[in-house]
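Residues per chain, in single letters:
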Amino acid sequence: MPPSSVSSPAAPPGRYRLVVLDFDGTLADSFGWFCGVLNGVADRYGFRRVAPEESEALRGMSAAAIMRQLDVPLWKLPLISRHMHALMARDIAAIRPFPGVPELLEGLATDGVTLALLSSNSRANIQRVLGPTNAGRVAHYACGASVFGKAGRLRKLLRRVGVPAAETLCIGDELRDLEAARAVGCAFGAVAWGYTTAEALRAAGPDLLFERPGDIGSLVGCRSRPSAAP
Ligand SMILES: O=C(O)COP(=O)(O)O
């Protein structure tokens, strides 16, 4: 049976001392903005434009498959990524956290869960979108990870924070987020509101699948299981 907003045997509620959050598509509602700038970026860097009827199919693919589909050479990826982040800085006022995200961060932090943010985006963009109160609830930032470099950054983050992978839940909206969590041995909770479709995420077998931000706190918070605290 596909996982839904329920805990699997591998991921009982209250087990996690550390929650590592992705940013774009997980906390930040940036997909509409991304679609709006993508074809301009395609023209600038010489990869294929996306037709409107094609974008839903791309949402079912991994980042690597999307790059193949659009003829994006791997060597251009850091340049494209940097340019995208500069465009987002220009347009930052248009990017908002998803409804429910402030409450989610507040609830987890109040429950004693340590929060970290692992993103390919820049720390400046992230902190401007979240605002000081939300950003202040995140204890550790690992920003500017390369598109396919999240596993390495996650490993370093866990060492820095001092929490084992077995007590860490990563939450994200893309298959590369799931792959990074798996590579390091962390549980993974997929969100159904991001860049990648819920169907594609479900097919990859996440430990949890969240339908809305409000579902996360009750499943991973410590309050219901005080014995999970160190
Ligand atoms: O901005 C990006 O390149 C993607 O950012 P993310 O890792 O938070 O999804």
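Computed from a predicted model, the values in this text were never measured in an experiment.

The end-to-end C-alpha distance of helix α7 (residues 150-161) is 16 Å, a good match for the 16 Å that 12 residues give at a rise of 1.5 Å each. Of all the positions in α7, only K150, A151, L154, L157, L158 and V161 are classed as buried. Along α7, the residues classed as buried sweep out an arc of 120° about the axis, all on the same side. Exposed side of α7, more than 90 degrees from the buried face: K156 and R159 are the residues found there.

Counted according to the given criterion, the structure contains 10 salt bridges. Overlapping salt bridges, with partners in common, bring together D22, K150 and D177 in one network.

Okay, the packing of aromatic side chains next. For the structure shown, the criterion picks out 4 aromatic pairs. Ring geometry for F31 against Y195: centres 4.9 Å apart, planes inclined by 65°, an arrangement best described as edge-to-face. With a gap of 164 residues between them, F31 in helix α1 (residues 31-45) and Y195 in the loop between β5 (187-191) and α9 (198-203) connect regions that are remote in the sequence. Each ring, one from F98 and one from W193, has its centre 6.4 Å from the other, and the planes form 70°; the classification is edge-to-face. Note that F98 is positioned in the loop between α4 (77-90) and α5 (101-110) and W193 in the loop between β5 and α9, a separation of 95 residues in sequence. Judged by relative accessible area, F98 falls into the buried class, the value being 11%. Residue class for W193 comes out buried when judged on its relative accessible area of 16%.

Rules used throughout
- Residues numbered from 1 in each chain as written.
- Predicted model: local features only at pLDDT ≥ 70, side-chain atom pairs only at ≥ 80, totals over all residues.
- Heavy atoms only, no water.
- Helix = DSSP H or I, 4+ residues; strand = E, 2+ residues; numbered from the N terminus.
- Expected span 1.5 Å × (residues − 1).
- Buried < 20%, exposed > 50% of the residue type's maximum accessible area, 1.4 Å probe, protein only.
- Arc of directions from axis to C-beta.
- Salt bridge = Lys/Arg side-chain N within 4 Å of Asp/Glu carboxyl O.
- Phe/Tyr/Trp six-rings, centres within 6.5 Å; stacked < 30°, edge-to-face > 60°.

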